[in-house]
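Coordinate inspection notes
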Amino acid sequence: STEQFQLTEEDDEAIVTQIKGSDALREIITFLRLRTGNDFSSYKQPTILRRIARHLQIHELDNIHDYLNLLRERPNEVELLLHNLLINVTNFFR
């Protein structure tokens, strides 16, 4: 059977608080730039934090360091996070 769970805003906020200002957060942003060529250093930090927090929840990880390790081990996850962080141009101009 497929187990389904919902990600709540409260969960997001708890994780965001945990990872804000973390060295691992800076490492993720640097890792993405090196791996994909996209520089997210000028993106709004709350947006980046929420998107990364969502990925921690999806993978049921306890901390951002575990997520950084996951990014290093799974190139597909890098692409998924990149897609999640990029602004959808079609939606942007609506």
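Preceding this section is the structure that the text describes.
Residues numbered from 1 in each chain as written. Predicted model: local features only at pLDDT ≥ 70, side-chain atom pairs only at ≥ 80, totals over all residues. Heavy atoms only, no water.

**Quick look at the overall build of the protein**
Of regular secondary structure, the protein possesses 6 helices and 0 strands. What you see in the protein, going N to C, is helices and strands ordered as α-α-α-α-α-α. Burial status across the protein gives 32% buried among its 94 residues. Of the contacts made within the protein by residues no fewer than 6 positions apart, 71% connect residues no fewer than 24 positions apart. Carbon and sulfur atoms make up 47% of the accessible area of the protein, which amounts to about 6,600 Å² in all. (Helix = DSSP H or I, 4+ residues; strand = E, 2+ residues; numbered from the N terminus. Buried < 20%, exposed > 50% of the residue type's maximum accessible area, 1.4 Å probe, protein only. Contact = heavy atoms within 4.5 Å. Areas by Shrake-Rupley, 256 points an atom, 1.4 Å probe, with all protein chains shown as cover.)

**Let's talk about the nonpolar core**
Grouped together as the largest cluster of nonpolar side chains are 23 residues, with contacts concentrated most on I28, I52, Y67 and L81. Of all the secondary structure elements, the ones that give two or more residues to this core are α1 (9-19), α2 (23-36), α3 (45-58), α4 (64-73) and α5 (75-85). A per-element tally of this core places α2 first, with 6 residues. Leaving out residues up to four positions away in the same chain, I28 has contacts with I52, I64, Y67, L68, L71 and L81. (Core = buried A, V, L, I, M, F, W, Y, C linked by side-chain atoms within 4.5 Å.)

**Overview of the environment of L71**
The topology assignment puts L71 in helix α4. Each C-alpha atom, one on L71 and one on I28, is 8.2 Å from the other, the two residues being 43 residues apart in sequence. Not counting chain neighbours up to four residues away, the residues in contact with L71 comprise I28, F31, E77, V78 and L81.

**Some words on the pattern of salt bridges**
A side chain of one charge can pair with a side chain of the opposite charge if their charged atoms are brought near each other. The full count for this structure, using the stated rule, is 2 salt bridges. A salt bridge links D23 to R26; the nearest nitrogen and oxygen atoms lie 2.3 Å apart. One end of the pair, D23, and the other, R26, are both in helix α2, 3 residues apart, so they sit about a helical turn from each other. (Salt bridge = Lys/Arg side-chain N within 4 Å of Asp/Glu carboxyl O.)

**Some words on the side chain of H55**
Looking at where H55 falls in the secondary structure, it is placed in helix α3. Setting aside chain neighbours within four positions, we find H55 in contact with Y67, E77, L80, L81 and N84.

**Remarks on α5**
An α-helical segment advances 3.6 residues per turn. Residues three or four places apart therefore align on the same side. Residues of α5 that are buried include every one of E77, V78, L81, L82 and L85, and no others. The buried residues of α5 occupy one face: seen down the axis, they fall within an arc of 140°. Exposed residues on α5 whose side chains face more than 90 degrees from its buried face are N76 and H83. At its buried positions, α5 is contacted by α2, α3 and α4. (Arc of directions from axis to C-beta.)

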